[in-house]
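The lines below spell out each chain.
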Amino acid sequence: MSDTRRAVLDALADGVVSGPALAEALGISRAAVWKQIEALRADGFVVESTDAGYELRDVPEYGASAVELGLDAPVAVEYHERVGSTNDRGRELAAEGAADVAVLADEQVGSRGRLDREWTAPSGGIWLSLVLRPSRPPAHVPLFTLAAAVATTKAAREAGVPAEIKWPNDVLVPVSDGAADGETLGRGGRKLAGILTEMEGEADRVSWLVVGIGVNANVDAEALPAGATTIRERAGDVNRRLFAQRLIEEFYALRDDPESVLPAWREYSATLGRRVRVETPGGSVEGEAVDVVHPGALVVDTDDGEVTVHAGDCEHLRSA
Ligand code: BT5
């Protein structure tokens, strides 16, 4: 969306505003204001022309302008009804030099998990990729993934779903040990959301980062792989516009205050205090997960002392 359109939308969100006042505030002609209003109407916004001026009466349920309306983060939204993968689209935009764009889709038909695993993304979910250009070394990138997990967990809790984070980036709804089955045993819960971070960079500096977040929102759990859960299943359908806004706002708040990421992650963690087995490139590490440290490594207290694990697949074990 253009800056002008965004400014018109922001003004309407603040209350009734007259055409001349809007034209003057934005430094554009009254005809240009009219054009912007017509474009918003075409997008599904209900804008009444009253004696006092333009009044915003209704907002489309979802889409680029809907998510940008009142969004408290410096992000432009690009929306697709249907796309292969929002991460792939994000990578394209990043390669063209874009920054601070959120690619959002109702449905993905070629979405990916980590290590080229498949991600199922039917219509009704919140499928989002954030394109960023942080001046950070590649080694700090895991912190962005943790921030995405924290932002997702926070938004899910606000929507009434008791989400937790399994190291490093699975957002789960816990099941008790007694109720665990083959699908949930090693995970400690049913998966509500997943995060896929991709980057390009040089040894000392990230060129771009695409943080992909997939949240099973208004989707039937039966449409997803076993072991998955959805917001619909746990708390009923959510307003995706508001959920996506909270997600983006929380992520950017964490980006701007990196010191707050680890404390928030620890608070939401399902992994700390648990017995875990982590399959790492260097072998299997088993013990109690005792902490997460910069930039996102897990500290495991093993029989041979503390081991810090930077990457791997983590399994929650039943308590001894
Ligand atoms: C992830 O991978 O959890 C990262 C998922 C990232 C998806 C987002 S959506 C927006 C953006 N665009 C993309 O193309 N991707 C990102 P991983 O930890 O590898 O988990 C993948 C595994 O989760 C699969 O092998 C399935 O078993 C399971 N799975 C697939 N779809 C699922 C779903 N919707 N909900 C829960 N589990 C799912």
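Scoring rules and cut-offs
- All residue numbers refer to position in the chain's written sequence, counted from 1.
- Side-chain atom pairs in this predicted model are given and counted only at pLDDT of 80 or more, local residue features only at pLDDT of at least 70, and totals for whole chains, interfaces and linings cover all residues.
- Excluded from the side-chain calculations are hydrogens and water; all other atoms, namely the structure's heavy atoms, are used.
- Put simply, DSSP H or I for four residues or longer makes a helix, DSSP E for two residues or longer makes a strand, and each gets a number counted from the N terminus.
- Each radius of gyration is computed over the set of C-alpha atoms, and the globule rule expresses the reference value as 2.2 Å times the number of residues to the power 0.38.
- Burial classes follow relative accessibility: with a 1.4 Å probe on protein chains only, a residue under 20% of its type's maximum area counts as buried, one over 50% as exposed, and anything between as partly exposed.
- Here a residue-residue contact requires only that any non-hydrogen atoms of the pair lie within 4.5 Å.
- All accessible-area figures derive from a Shrake-Rupley calculation using a 1.4 Å probe, and residue coverage is judged against the displayed protein chains alone.
- Positive: Lys, Arg. Negative: Asp, Glu. His and the chain ends are not part of the count.
- Charged groups are reduced to one reference atom each: NZ for lysine, CZ for arginine, CG for aspartic acid, CD for glutamic acid.
- Strand pairing is defined by DSSP finding a minimum of two bridges between the two strands.
- Between the N-to-C directions of two axes lies an angle of 0 to 180 degrees, each axis being a line fitted to C-alpha atoms and, for a helix, fitted only over the stretch in contact.
- For each domain, the first and last residues come from an automatic or database assignment.
- The buried area of a pairing is the accessible area, by a 1.4 Å probe, that goes missing from both parts when the two are put together, added over both.
- Salt bridges are defined by distance alone: a side-chain nitrogen of Lys or Arg within 4 Å of a carboxyl oxygen of Asp or Glu.
- Counted as a polar contact is a pair of N or O atoms within 3.5 Å, where, for protein atoms, one must be capable of donating a hydrogen and the other of accepting one, and residues adjacent in sequence contribute only when both atoms are in side chains.
- Polarity classes work like this: nonpolar for Ala, Val, Leu, Ile, Met, Phe, Trp, Tyr, Cys and Pro, charged for Asp, Glu, Lys and Arg, and polar for all others, with Gly in that last group.
- Here roughly perpendicular refers to angles of 65 to 115 degrees, roughly parallel to angles under 35, roughly antiparallel to angles over 145, and oblique to all remaining angles.
- Patches draw on residues past 30% relative accessible area with no salt bridge. Two like charges within 9 Å are joined, as are two nonpolar side chains (Val, Leu, Ile, Met, Phe, Trp, Tyr) within 5 Å.
- Here the arc refers to the set of directions running from the helix axis out to each C-beta atom.
- Consider each residue's heavy atoms; a residue with any of them within 4 Å of a molecule or strand counts as near.

Some thoughts on the overall build of the chain
Link 1 in the chain: Helix and strand counts for the chain stand at 9 helices and 14 strands.
Link 2 in the chain: By the compact-globule yardstick of 20 Å for 320 residues, the chain fits well, its C-alpha radius of gyration being 22 Å.
Link 3 in the chain: Oriented by its inertia axes, the alpha-carbon framework of the chain measures out at about 75 × 45 × 30 Å.
Link 4 in the chain: Across the 320 residues in the chain, those meeting the buried criterion constitute 50%.
Link 5 in the chain: Contacts in the chain between residues at least 24 apart in sequence constitute 60% of all its contacts with a sequence separation of at least 6.
Link 6 in the chain: For the chain, the accessible area works out to roughly 14200 Å², and carbon and sulfur atoms hold 45% of it.
Link 7 in the chain: Here the chain holds 32 positive side-chain charges and 53 negative ones, and the gap between their average locations is 1 Å.

Concerning the sheet that holds strand β8 (residues 189-202)
Link 1 in the chain: Taken together, 7 strands build an open sheet; the order of strands is β3-β4-β5-β9-β8-β7-β6 and the sheet is mixed. Among the strands making up the open sheet, the edge pair consists of β3 (76-83) and β6 (164-166). The average angle at which neighbouring strand axes cross in this sheet is 25 degrees, direction not considered.
Link 2 in the chain: Direction of pairing for β6 relative to strand β7 (residues 170-174): antiparallel, over a ladder of 3 bridges. Following the sheet pairing, lysine 166 is matched in β7 by aspartate 170.
Link 3 in the chain: Sheet strands in contact with helix α8 (residues 240-255) are β4 (101-108), β5 (126-132) and β9 (205-215), and its direction is about 30 degrees off that of β5.

Here we look at the domain arrangement of the chain
Link 1 in the chain: By the assigned domains, the chain splits into domain 1 (3-58), domain 2 (64-267) and domain 3 (275-316).
Link 2 in the chain: One C-alpha centre belongs to domain 1, the other to domain 2, and the line joining them spans 32 Å.
Link 3 in the chain: Facing 8 residues of domain 1, the contacting portion of domain 2 comprises 9 residues.
Link 4 in the chain: A combined buried area of about 550 Å² lies between domain 1 and domain 2, and 55% of that area is made up of carbon and sulfur atoms.
Link 5 in the chain: By the criterion of area lost to domain 2, the three top residues of domain 1 are Arg6, Leu9 and Phe45, representing 72% of everything that side buries.
Link 6 in the chain: Between glutamate 68 and arginine 6 there is a salt bridge, with the nearest N and O atoms lying 3.8 Å from each other.
Link 7 in the chain: One can count 2 residue pairs in polar contact (both at pLDDT 80 or more) joining domain 1 with domain 2.
Link 8 in the chain: Tallying contributions element by element places helix α1 (residues 3-14) first for the side of domain 1 that touches domain 2, with 5 residues.
Link 9 in the chain: Here the side of domain 1 that touches domain 2 is composed, by residue class, of 4 nonpolar, no polar and 4 charged.

Some points on the sheet that holds strand β10 (residues 275-280)
Link 1 in the chain: Pairing in this open sheet of 5 strands is antiparallel, and the strands run β13-β12-β11-β10-β14 from one edge to the other. Single-partner strands in this sheet number two, and they are β13 (305-309) and β14 (313-316). On average, adjacent strands in this sheet sit at an angle of 45 degrees to one another, irrespective of strand direction.
Link 2 in the chain: Relative to strand β11 (residues 283-293), β10 runs antiparallel, the two sharing 6 bridges. Bridging across to β11, valine 278 finds its partner in valine 285.

Focus: the pattern of salt bridges
Link 1 in the chain: Counted by the stated rule, this structure contains 29 salt bridges.
Link 2 in the chain: Here arginine 57 ties to glutamate 55 by a salt bridge, and the two come within 3.4 Å at their closest N and O atoms.
Link 3 in the chain: Among the charged side chains, a salt-bridge network with shared partners connects Lys154, Glu158, Arg246, Glu249 and Glu250.

Details of the packing of α1 against helix α3 (residues 30-42)
Link 1 in the chain: For the pair α1 and α3, the least separation of the axes is 10 Å and the interaxial angle reads 80 degrees. In terms of orientation, α1 lies roughly perpendicular with respect to α3. Contacts between α1 and α3 pair Thr4, Arg5, Val8, Leu9 and Leu12 from the former with Gln36, Ile37, Ala39 and Leu40 from the latter.

Description of a negative patch on the surface
Link 1 in the chain: A cluster of like negative charges, contributed by Glu288, Asp301, Asp303, Asp304 and Glu306, occupies part of the molecular surface.
Link 2 in the chain: Mapped onto the elements, aspartate 301 comes out in strand β12 (residues 297-302).

Observations concerning helix α9 (residues 261-268)
Link 1 in the chain: Regarding α9, the residues found buried are Val261, Leu262, Ala264, Trp265 and Tyr268. Summarising the axial view, the buried residues of α9 lie within an arc of 160 degrees, below the 170-degree limit, and thus occupy one face.
Link 2 in the chain: Buried residues belonging to α9 abut α6 (141-158), β6, α8 and β11.

A word on the site of the ligand
Link 1 in the chain: Around the ligand sit 26 residues, and of these Ser85, Arg112, Arg117, Lys191 and Asn216 come closest.
Link 2 in the chain: Within the contact set of the ligand, a nitrogen atom lies 3.1 Å away from a side-chain nitrogen or oxygen of threonine 86.
Link 3 in the chain: Computed on the free molecule, the ligand has an accessible area of 800 Å², of which 92% lies beneath the protein chains in the complex.
Link 4 in the chain: Taken together, the elements giving at least two residues each to the shell around the ligand come down to α5 (86-95), β5, β8 and β9.
Link 5 in the chain: It is β8 that provides the largest number of residues to the shell around the ligand, a total of 4 residues.
Link 6 in the chain: Taken together, the residues of the shell around the ligand sort by class into 8 nonpolar, 12 polar and 6 charged.

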